[in-house]
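Structural description and commentary
Here are the chains, one letter per residue:
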Amino acid sequence: MTVIEVIQRSTEFLQRHGVETPRLQVELLLGHLLKLPRLQLYLCHDRVLREPELETLRGLVKRRARREPLQHLVGSTSFCGREISVSAAALIPRPETETLAELATAALTTHLAAKPMVLDFGTGTGCLAVHLAAECERAYVHALDISEAALALAKANGAAHRLEERLHFHLGDGFQALPAELKFDLLVSNPPYIPAGEIPGLQPEVRDFDPRNALDGGVDGLVFYRLLAGKARARLNEGGGLFAEFGDGQEDAVQSLFTAAGWARVTVHRDLTGKPRVVEAWR
């Protein structure tokens, strides 16, 4: 079977199983398998695949038809131009989180201390911690997560980008997992913000494959914003700031929580699609 035949047949298979953008999904899987850029597949459209290649691709396509995320199948995703390894241990980085990364980077590189201390609260894959450490060579970044498996993944991503000397990892539940004397100039977080009752209605790729504790923000989705608004200031140096991502329709509630808790310059920023997505607040 040739490359073009494989693309056509696999596309029809994924389409029957309700997978969005099925042709693109097949092209990305086949490009990953053959170690070719996606568009280069069409320059060798008449190449005949060997049986072991076909067998491997069939397995990948079947897993995708069962709605296993493409990123899990290829093992990584791009975040702010960097390749980040992913697994079922942590939330797959989303494009909207790049807005959070860019805002935090701007604050690090223009406003904060000569050697800023950063906390990534709920680091997951470590994508934010890796990005901030890579973009600001003066920064020391601490990454906190309650999941041992997620933290192992974050450490692997830090090592892959050769940032071990400026990345520090902490396992535990919330601020109490950190040394009492440790304070920061910047805190970033993409916490769980899906209301618990909405999780069963999410896309299968999210509902069935992202860790529940990376999605569930409690009854109203705001559990972690109450925690951050109430306790994060005590962990910040004077003049320190916070950037946190939130979900659709949560902007007024999140902004009110930080304002009521006494934070200064509480601002909401929009993502690249124009949706309110990130709260900024300062001590």
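Described below are features of the structure shown in this document. (Residues numbered from 1 in each chain as written. Predicted model: local features only at pLDDT ≥ 70, side-chain atom pairs only at ≥ 80, totals over all residues. Heavy atoms only, no water.)

Here we look at the overall build of the protein chain
Helix and strand counts for the protein chain stand at 10 helices and 9 strands. A compact globule built from 283 residues would reach a C-alpha radius of gyration of about 19 Å, and the protein chain, at 21 Å, matches this within 12%. Its C-alpha atoms put the protein chain at 65 × 40 × 35 Å along the principal axes. Looking at the 283 residues of the protein chain, the share that counts as buried comes to 51%. Put simply, 66% of the contacts in the protein chain that link residues at least 6 apart link residues at least 24 apart. For the protein chain, the accessible area works out to roughly 13300 Å², and carbon and sulfur atoms hold 52% of it. Both charge centroids of the protein chain, one from 32 positive and one from 36 negative side chains, sit 2 Å from each other. (Helix = DSSP H or I, 4+ residues; strand = E, 2+ residues; numbered from the N terminus. Rg over C-alpha atoms; globule rule 2.2 N^0.38 Å. Buried < 20%, exposed > 50% of the residue type's maximum accessible area, 1.4 Å probe, protein only. Contact = heavy atoms within 4.5 Å. Areas by Shrake-Rupley, 256 points an atom, 1.4 Å probe, with all protein chains shown as cover. Lys, Arg positive; Asp, Glu negative; His and termini not counted. Charge placed at Lys NZ, Arg CZ, Asp CG, Glu CD.)

Let's talk about the sheet that holds strand 8 (residues 264-270)
Remark on secondary structure: sheet strands pair via backbone hydrogen bonds, oriented parallel or antiparallel. Spatially, 5-4-3-6-7-9-8 is the arrangement adopted by the 7 strands of the open sheet, whose pairing is mixed. Edge positions in the sheet fall to strand 5 (167-171) and strand 8, since each of these pairs with one other strand and no more. Here the strands of the sheet are splayed against their neighbours by 15° on average, with no regard to which way each runs. Summarising the sheet, strand 4 (residues 140-145) and strand 5 pair through 5 bridges and their orientation is parallel. From the neighbouring strand, Asp 145 faces strand 5, where its bridge partner is Leu 171. Relative to strand 7 (residues 236-245), helix 5 (residues 97-110) is tilted by about 160°, and along the sheet it contacts strand 3 (117-121), strand 6 (184-189), strand 7, strand 8 and strand 9 (276-282). Sheet contacts for helix 7 (residues 148-160): strand 4 and strand 5; angle to strand 5, the most-contacted strand, approximately 175°. (Pairing = 2+ DSSP bridges. Axes fitted to C-alpha atoms, helices over the stretch in contact; angles between N-to-C directions.)

Observations concerning helix 6 (residues 127-135)
The element helix 6 is extensively covered by neighbouring structure, given that 7 of its 9 residues are classed as buried. Of the positions making up helix 6, those classed as buried are Cys 127, Leu 128, Ala 129, Val 130, His 131, Leu 132 and Ala 133.

Things to note about the packing of aromatic side chains
Each aromatic ring pair is described using two quantities: the centre-to-centre distance and the angle formed by the ring planes. Scanning the model with the defined rule gives 3 aromatic pairs in all. Both rings, one in Phe 121 and one in Phe 175, keep their centres 4.9 Å apart while their planes meet at 40°; by these two values the pair is tilted. Here Phe 175 lies in the loop between strand 5 and strand 6 and Phe 121 lies in strand 3, a separation of 54 residues in the sequence. The class for Phe 121 is buried, based on a relative accessible area of 7%. On the accessibility criterion, Phe 175 (6% relative accessible area) is buried. (Phe/Tyr/Trp six-rings, centres within 6.5 Å; stacked < 30°, edge-to-face > 60°.)

Thoughts on the nonpolar core
Soluble globular proteins: nonpolar side chains tend toward being buried together. Counting residues in each nonpolar core, the largest one holds 29 residues, and the members touching the most others are Leu 187, Leu 228, Leu 242, Phe 258 and Trp 263. Those residues in contact with Leu 187 that lie beyond four places of it in its chain are Leu 119, Phe 121, Phe 175, Leu 228, Ala 232, Leu 236, Gly 241, Leu 242 and Phe 243. If you look at the next biggest cluster of nonpolar residues, it comprises 25 residues, including Leu 100, Cys 136, Val 278 and Trp 282. (Core = buried A, V, L, I, M, F, W, Y, C linked by side-chain atoms within 4.5 Å.)

A closer look at the layout of surface pockets
In this structure, the largest pocket spans a volume of roughly 920 Å³. Along its surface, the largest pocket is lined by 35 residues, and Arg 94, Pro 95, Glu 96, Gln 203 and Val 206 are the ones closest to its centre. At the level of secondary structure, the elements contributing two or more residues to the lining of the largest pocket comprise helix 4 (70-74), strand 1 (76-79), helix 5 and helix 8 (204-207). Looking at the lining of the largest pocket element by element, the count peaks at 3 residues for strand 1. Residues belonging to the lining of the largest pocket are distributed by class as follows: 14 nonpolar, 10 polar and 11 charged. For the second largest pocket, the calculated volume is near 550 Å³. What lines the second largest pocket is a set of 31 residues, and nearest its centre among them are Gly 122, Asp 145, Pro 192, Asn 213 and Ala 214. (1 Å grid on protein atoms, 1.4 Å probe; cavity = no way out; pocket = protein on both sides within 12 Å on 5 of 7 lines; lining within 4 Å. Points joined across faces, edges and corners; volume = space filled by probe spheres on them. Nonpolar A, V, L, I, M, F, W, Y, C, P; charged D, E, K, R; others polar.)

Describing the pairing of strand 3
Burial runs high along strand 3: 5 of the 5 residues are buried. Where burial is concerned, the two faces of strand 3 agree: the one with Met 117, Leu 119 and Phe 121 and the one with Val 118 and Asp 120 are both buried. As defined by bridge partners, strand 3 adjoins strand 4 across 5 bridges and the pair is classed as parallel. Within strand 4, the position partnered with Phe 121 by the bridge is Leu 144. Of the crossover connections in this fold, the one passing from strand 3 over helix 6 to the parallel strand 4 is right-handed. (Right-handed = clockwise from strand over helix to strand, strands pointing away.)

Quick look at the pattern of salt bridges
Under the counting rule described, the total for this entry stands at 18 salt bridges. With a closest N to O distance of 3.1 Å, Arg 50 and Glu 53 form a salt bridge. Two residues, Arg 58 and Glu 51, come together in a salt bridge whose shortest N-O distance is 3.2 Å. One network of salt bridges, with partners in common, ties together Asp 248, Asp 271, Lys 275 and Arg 277. (Salt bridge = Lys/Arg side-chain N within 4 Å of Asp/Glu carboxyl O.)

Spatial relationships are all this shows, so hold off on functional conclusions.
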